[in-house]
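Structural overview
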Amino acid sequence: MSIHETERTARSVEERNKQTIRRVFDAFVNQGDFSVVDEIYSPHMIDHQPLPGAPEGLEGVRYTIAGLREGFPDLHVTIEDMSAHGDHVVIHNTWRGTHLGDFLGAPPTGQAIEFTGVVVWRLLADGLIAERWGIGVESNMLAVLGLRRLAPAARTGARTAARRTVTSAGALLPLPPGAAGAWHALQAELAGARLRAYEASRRRAGILQESFALQMLGGQDVLVHRIEARDPQGAARRLAASADPFDAWLRQEAAAVLGTDPWTHLAASAAPAGHTWISVTSELTTAG
């Protein structure tokens, strides 16, 4: 291959990478099209500046953008400048939105925000996004909202301590005869139309992960319910007592299928059960 052909190939790859990063904002961030995640991100994607509490990998990518769009439903990011350098893409962007929803525990204020930052991306040879570094994006946003205490430098020690104190608790819930089909239907609704409301509910309660697994034990269908949080029983109590419309709906639907409210049951009987990191979304999507 000649020097000119090599240069053309390199430019072609860089243009492809720039188009991929444009899709991150045009489709995913600005339009809320979560279907593009599996198309443009590597399964082993590393986000070096996710939202607090985000899991690893693609679930963390979804968690971060879902949290931002929940807090700022009109969120829009403008790419001011973009350059590609080998397998890296660098952008300077401006973030705008209105704080109309819960965000990192802060209730909506109606405040319009605008802040800028620089983001560096690394892409693989196949064009999938492998890593992301935000330079000033997160800290600028938190400063605008008056949440400097959550900025990376301020929370490094707290985040490490929090990870050490995460525990899990679980309970076994026997299903009434013939109830498995109704449970699958409820599970499908949580994984589909109500997924965003479900994830927002769990963030409010302080749950990092929740899983339901339908198993056959002794000839009977049993639902294994497990949550992970710094205070699993406290999180379960918050869900059991919540007046939020989604939480009330889910308690009612679950009780109709199971004959009991799983979160009241867990709050009363849960005991630490070690660590099991299970993706909320993938568990709801694939279980059973």
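Above: the structure in question.
Residues numbered from 1 in each chain as written. Predicted model: local features only at pLDDT ≥ 70, side-chain atom pairs only at ≥ 80, totals over all residues. Heavy atoms only, no water.

**Quick look at helix α9 (residues 245-258)**
- The end-to-end C-alpha distance of α9 is 20 Å, a good match for the 20 Å that 14 residues give at a rise of 1.5 Å each.
- Among the residues of α9, those classed as buried are Phe246, Asp247, Trp249, Leu250, Arg251, Ala254, Val257 and Leu258.
- Glycine 259 sits one or two positions beyond α9 and adopts a positive phi of about 85°. (Helix = DSSP H or I, 4+ residues; strand = E, 2+ residues; numbered from the N terminus. Expected span 1.5 Å × (residues − 1). Buried < 20%, exposed > 50% of the residue type's maximum accessible area, 1.4 Å probe, protein only.)

**Observations concerning empty space enclosed by the protein**
- Tallied over the full model, the rule gives three cavities of 30 Å³ or more.
- Of the voids in this model, the largest cavity is the one considered here, and its volume is about 250 Å³.
- Among the secondary structure elements, those contributing two or more residues to the lining of the largest cavity are α1 (3-29), β1 (41-47), α3 (57-71), β4 (112-123) and α4 (137-144).
- Classifying every residue of the lining of the largest cavity by side-chain character gives 17 nonpolar, two polar and three charged. (1 Å grid on protein atoms, 1.4 Å probe; cavity = no way out; pocket = protein on both sides within 12 Å on 5 of 7 lines; lining within 4 Å. Points joined across faces, edges and corners; volume = space filled by probe spheres on them. Nonpolar A, V, L, I, M, F, W, Y, C, P; charged D, E, K, R; others polar.)

**Quick notes on the sheet that holds strand β2 (residues 76-85)**
- Strand order in the open sheet made by the five strands is β1-β5-β4-β3-β2, with mixed pairing throughout. Strands with a single pairing partner mark the edges of an open sheet, and in this sheet they are β1 and β2. Adjacent strand axes in the sheet meet at a mean angle of 25°, parallel and antiparallel pairs treated alike.
- Of the strand pairs in this sheet, strand β3 (residues 88-98) and β4 are connected by 11 bridges, and their pairing is antiparallel. When the sheet's bridge partners are listed, isoleucine 91 is paired in β4 with valine 119.
- Contacts between α3 and the sheet are confined to β1 and β3, with β1 contributing the most and set at about 65° to the helix. (Pairing = 2+ DSSP bridges. Axes fitted to C-alpha atoms, helices over the stretch in contact; angles between N-to-C directions. Contact = heavy atoms within 4.5 Å.)

**Some remarks on the nonpolar core**
- Counting residues in hydrophobic clusters, the biggest one holds 37 residues, and the most contacted among them are Ile21, Val24, Phe25, Tyr41, Trp121 and Ile129.
- Looking at this core, the elements that each hand over two or more residues are α1, α2 (37-40), β1, α3, β2, β3 and β4.
- Setting aside anything within four residues of it in sequence, one finds tyrosine 41 in contact with Val24, Phe28, Leu58, Val61, Trp121, Leu128 and Ile129.
- Counting 27 residues, the second largest nonpolar core, distinct from the first, contains Leu173, Ala179, Phe212 and Trp263. (Core = buried A, V, L, I, M, F, W, Y, C linked by side-chain atoms within 4.5 Å.)

**Brief notes about the packing of helix α7 (residues 195-205) against helix α8 (residues 232-241)**
- One can describe the packing of α7 onto α8 by two numbers: an axis separation of 9 Å at closest approach and a directional angle of 125°. With respect to each other, α7 and α8 are oriented oblique. Between α7 and α8 lies a crossing of right-handed hand. Between α7 and α8, the residues in contact are Ser201, Arg202 and Ala205 and Ala235, Arg238 and Leu239, respectively.
- For the contact of α7 with α8, a count of residues per class yields three nonpolar, one polar and two charged. (Parallel < 35°, antiparallel > 145°, perpendicular 65-115°, else oblique. Left-handed = near helix turned anticlockwise from the far one by under 90°.)

**A short note on α3**
- Taking 1.5 Å as the rise per residue, α3 with 15 residues should run 21 Å; its terminal C-alpha atoms sit 22 Å apart, in good agreement.
- Counting buried positions along α3 yields 13 of 15 residues, so the element is predominantly enclosed.

**What to know about the packing of aromatic side chains**
- Going through the model one piece at a time under the given rule, you end up with nine aromatic pairs.
- Aromatic pair tryptophan 95 and phenylalanine 115: ring centres 5.9 Å apart, planes at 10°, arrangement stacked. Of this pair, tryptophan 95 sits in strand β3 while phenylalanine 115 is found in strand β4, placing the two residues 20 residues apart along the sequence.
- Classification of tryptophan 95 as buried rests on a relative accessible area of 5%.
- Overall, phenylalanine 115 belongs to the buried group, its relative accessible area being 5%. (Phe/Tyr/Trp six-rings, centres within 6.5 Å; stacked < 30°, edge-to-face > 60°.)

Treat this as a map of the structure, not an account of what it does.
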